[in-house]
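A look at the structure
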Amino acid sequence: MDKKSMDFLAKVSFIEGISLIVLVFVAMPLKYILGYKIATMIFGSIHGILWLLFLYALYTARKKNGLDNSFTVKMLVFSVIPFGLIPMEKMIKDFNGKIEKKEKEGELVNA
C-alpha cells in the first residue's frame, strides 16, 4: 500500500474538482451570457490539463494500491460532475483510513 499515491490523488482530485466548478459556474456563464468566448477557452484548457493529471494520479494510485474497479469507476464518474470532489475526498479519506489501520496492525504484529 502506498499512501503517497493516494495523497497525490487527493490533491489532484480536489484541484481538478475546483477547476470544473469554475468552468461550469464562472467561465460558461461568461461565455453564454456576456459573450466572452475566451473564458471557456482559458478555463477549459486548464481544466483539461488538470483532468489528464487526475487520470494519471488515479492510474498510479490504482496500480500501487490495487484499487478495485468500483472505486476507479466511481472516481471517474465523480470527476465529471460539479461538486463531485466532495464524495471523491470522502472515498480517498476512507481508503487512507484503511491503509493506516493495516499499517498499525502490521506494527502490532511485528512488535
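**Thoughts on the packing of helix α1 (residues 3-32) against helix α2 (residues 37-65)**
Following both chains from N to C, one finds α1 and α2 inclined at 160°, their axes separated by 8 Å at the closest point. Regarding the angle of α1 to α2, the classification is roughly antiparallel. In this structure, α1 meets α2 at a crossing whose hand is left-handed.

**Re the packing of aromatic side chains**
One pass over the full model with this rule turns up two aromatic pairs. Both rings, one in F25 and one in F83, keep their centres 5.8 Å apart while their planes meet at 45°; by these two values the pair is tilted. You can see F25 sitting in helix α1 and its partner F83 sitting in the loop between α3 (69-78) and α4 (85-110), a full 58 residues away along the chain. Overall, the relative accessible area of 46% leaves F83 in the partly exposed class. Between F71 and F95 the ring centres are 5.9 Å apart and the planes differ by 50°, which places this aromatic pair in the tilted class. Linking F71 in helix α3 with F95 in helix α4, this pair joins segments that are 24 residues apart in sequence. Per residue, the accessibility class of F71 equals that of F95, and both read buried.

**Thoughts on the nonpolar core**
One finds M6, L9, F54, F71, M75 and I92 to be the most contacted residues of the largest nonpolar core, which totals 18 residues. At the level of secondary structure, the elements contributing two or more residues to this core comprise α1, α2, α3 and α4. Looking at this core, the element that brings in the most residues is α4, giving six residues. Sequence-distant contacts of L9, defined by excluding residues within four places in its chain, comprise F54, A57, L58, A61, F71, M75 and I92.

The rules behind each value
Residues numbered from 1 in each chain as written. Predicted model: local features only at pLDDT ≥ 70, side-chain atom pairs only at ≥ 80, totals over all residues. Heavy atoms only, no water. Axes fitted to C-alpha atoms, helices over the stretch in contact; angles between N-to-C directions. Helix = DSSP H or I, 4+ residues; strand = E, 2+ residues; numbered from the N terminus. Parallel < 35°, antiparallel > 145°, perpendicular 65-115°, else oblique. Left-handed = near helix turned anticlockwise from the far one by under 90°. Phe/Tyr/Trp six-rings, centres within 6.5 Å; stacked < 30°, edge-to-face > 60°. Buried < 20%, exposed > 50% of the residue type's maximum accessible area, 1.4 Å probe, protein only. Core = buried A, V, L, I, M, F, W, Y, C linked by side-chain atoms within 4.5 Å. Contact = heavy atoms within 4.5 Å.

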